[in-house]
Amino acid sequence: MAREHQVTEYMLPDMDSTFKLFAAHLRTVTSEWSYPRHSHPLFEVNLLLAGSQEMIVGGKRFIQQPGDFLLLRPEDVHESRALGTEPMTYYCLHFNVDEPVLRELLCRGEDLLHGADGPLAAVIRPSLDKLIALTSDGAGAKLADKMRALSAVFELFAGLSEGLAEREAGAPGSRMNRIAAEIAAGLERSVEEPEAWSAATGEGFGGGDGADGDRSRETVAAVTAGLGYSASSCNRIFRSVYGMSPRQYLSALKLKKAKLLLMEPELSVEAVSMRLGYKDIAHFSRQFKRWTGESPGKFRSRFHI
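Residues numbered from 1 in each chain as written. Predicted model: local features only at pLDDT ≥ 70, side-chain atom pairs only at ≥ 80, totals over all residues. Heavy atoms only, no water.

### Some thoughts on the nonpolar core
Here is step 1 of the chain: Counting residues in each nonpolar core, the largest one holds 25 residues, and the members touching the most others are Phe 69, Phe 95, Leu 106 and Leu 160.
Here is step 2 of the chain: Taken together, the elements giving at least two residues each to this core come down to strand 3 (43-50), strand 6 (69-72), strand 8 (88-97), helix 1 (100-108), helix 2 (119-136) and helix 3 (143-168).
Here is step 3 of the chain: Setting aside residues up to four positions removed in sequence, Phe 69 forms contacts with Val 45, Asn 46, Leu 47, Gln 64, Leu 112, Leu 113, His 114, Leu 120, Ala 121 and Ile 124.
Here is step 4 of the chain: Ala 184, Phe 238, Val 241 and Met 244 belong to the second-largest nonpolar core, a separate cluster that totals 18 residues. (Core = buried A, V, L, I, M, F, W, Y, C linked by side-chain atoms within 4.5 Å. Buried < 20%, exposed > 50% of the residue type's maximum accessible area, 1.4 Å probe, protein only. Helix = DSSP H or I, 4+ residues; strand = E, 2+ residues; numbered from the N terminus. Contact = heavy atoms within 4.5 Å.)

If you want it as structure tokens, here you go:
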């Protein structure tokens, strides 16, 4: 009855995305400062605020001046040191995000160094300045501070999405990007609709203790079959676009789905394990603890469910 009198309706799309923010810090160092060669599984924004910095990424040398920032991808091997005779100040932000399109944009670009007067700096600097201010004020003790930090992080993601998408505008999608997107879509279907996907592919339904890795390999193999590339080539293509292997991506999808289902009070842990394709609740519980360090029940109790 209500729809009979409805003239227009506008709705936001359903959204389900998670991210990790790690070791964000504002640091001033002496002119003798350096940081050794290393890598990590996270994206990194490294913004220079004062002084001069040399960053070597994958053997390539970059020189940053105030306002310049480097956008590093997971597992990029890098090292840095201060240049000149004056102290240096920089802001460093490590993060991970499971939004596939944003991950693809972040991993696709070859330009790591972005100038202070560049287009990407123009769209993300306001959110970085908010995060810097919150970091300087020691934000985190109050819930309101955490919410402000979350707001600034999502503004940063919006700026990155906008700026990187504009950079890619008009550029035809490469076959590698299409192949990676097909793999990601197949892995997502295997988690969201495990029974239907199992019936369509002929793959087994369920997982077992010690066999979850084998099941993941079988799932990835089924998804990549028929794409015209070897398993190793598919793995390399996917990693180059999404910054992680197909198996790592599959595990991240399973973990996110498990957490969302556990937050539904009407579902038992056994029902959650079945929806994820585990025939044995004990196997699911052991795998969830490997992922998170805690049992499904303990995770659920933290949300008073």
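Once you've had a look at it, read on.
### Section: the packing of aromatic side chains
Here is step 1 of the chain: Under the counting rule described, the total for this entry stands at 13 aromatic pairs.
Here is step 2 of the chain: Plain terms: the ring middles of Phe 19 and Phe 154 are 5.1 Å apart, the flat faces sit at 85° to each other, and that makes the pair edge-to-face. With Phe 19 in strand 1 (residues 19-29) and Phe 154 in helix 3, this pair connects stretches of sequence that are 135 residues apart.
Here is step 3 of the chain: Residue classification places Phe 19 among the partly exposed residues on the basis of a relative accessible area of 23%.
Here is step 4 of the chain: Phe 154 sits in the partly exposed class, given a relative accessible area of 42%.
Here is step 5 of the chain: What links up through ring pairs into an aromatic cluster is the set Phe 19, Phe 43, Phe 95, Phe 154 and Phe 157. (Phe/Tyr/Trp six-rings, centres within 6.5 Å; stacked < 30°, edge-to-face > 60°.)

### Focus on the confidence of the model for the protein chain
Here is step 1 of the chain: Of the residues in the protein chain, 84% reach a pLDDT of 70 or more, and the chain-wide mean stands at 84.
Here is step 2 of the chain: Ranking the elements of the protein chain by mean pLDDT puts helix 5 (residues 194-201) last with 62 and strand 4 (residues 52-57) first with 97.
Here is step 3 of the chain: In this model, residues 204-210 is a region of pLDDT below 50 whose contacts with residues beyond four sequence positions or in other chains number 20 contacts. (pLDDT = per-residue confidence, 0-100.)

### Focus: the pairing of strand 8
Here is step 1 of the chain: Extensive coverage of strand 8 is indicated by the burial of nine of its ten residues.
Here is step 2 of the chain: In this sheet, strand 8 lies alongside strand 1 in antiparallel orientation, the contact comprising nine bridges. Its bridge partner lying in strand 8, Arg 27 is registered against Tyr 90.
Here is step 3 of the chain: In this sheet, strand 8 lies alongside strand 3 in antiparallel orientation, the contact comprising seven bridges. When the bridges of strand 8 are listed, Ala 50 appears paired with Thr 89. (Pairing = 2+ DSSP bridges.)

### Here we look at the side chain of Glu 54
Here is step 1 of the chain: Position of Glu 54 relative to the elements: it lies in strand 4.
Here is step 2 of the chain: For Glu 54, a relative accessible area of 8% puts it in the buried group.
Here is step 3 of the chain: Engagement of the side chain of Glu 54 in a polar contact is seen with the side chain of Arg 61, the distance being 2.3 Å.
Here is step 4 of the chain: Here the side chain of Glu 54 touches Arg 81 through a polar contact of 2.7 Å, side chain to side chain.
Here is step 5 of the chain: Residue contacts for Glu 54: discarding those within four places in its chain leaves Arg 61, Phe 62, Ile 63, Glu 79, Ser 80, Arg 81 and Leu 83. (Polar contact = N/O pair within 3.5 Å; in protein donor to acceptor, adjacent residues only side chain to side chain.)

### Re helix 7 (residues 231-242)
Here is step 1 of the chain: Over its twelve residues, helix 7 runs 16 Å from end to end, which matches the ideal 16 Å to within 8%, given 1.5 Å per residue.
Here is step 2 of the chain: Listing the buried residues of helix 7 in full gives Ser 233, Cys 234, Ile 237, Phe 238, Val 241 and Tyr 242. Projected down its long axis, helix 7 shows its buried positions confined to an angular sector of 140°, all on one face.
Here is step 3 of the chain: Two residues or fewer past helix 7, Gly 243 is found with a positive phi of approximately 80°. (Expected span 1.5 Å × (residues − 1). Arc of directions from axis to C-beta.)

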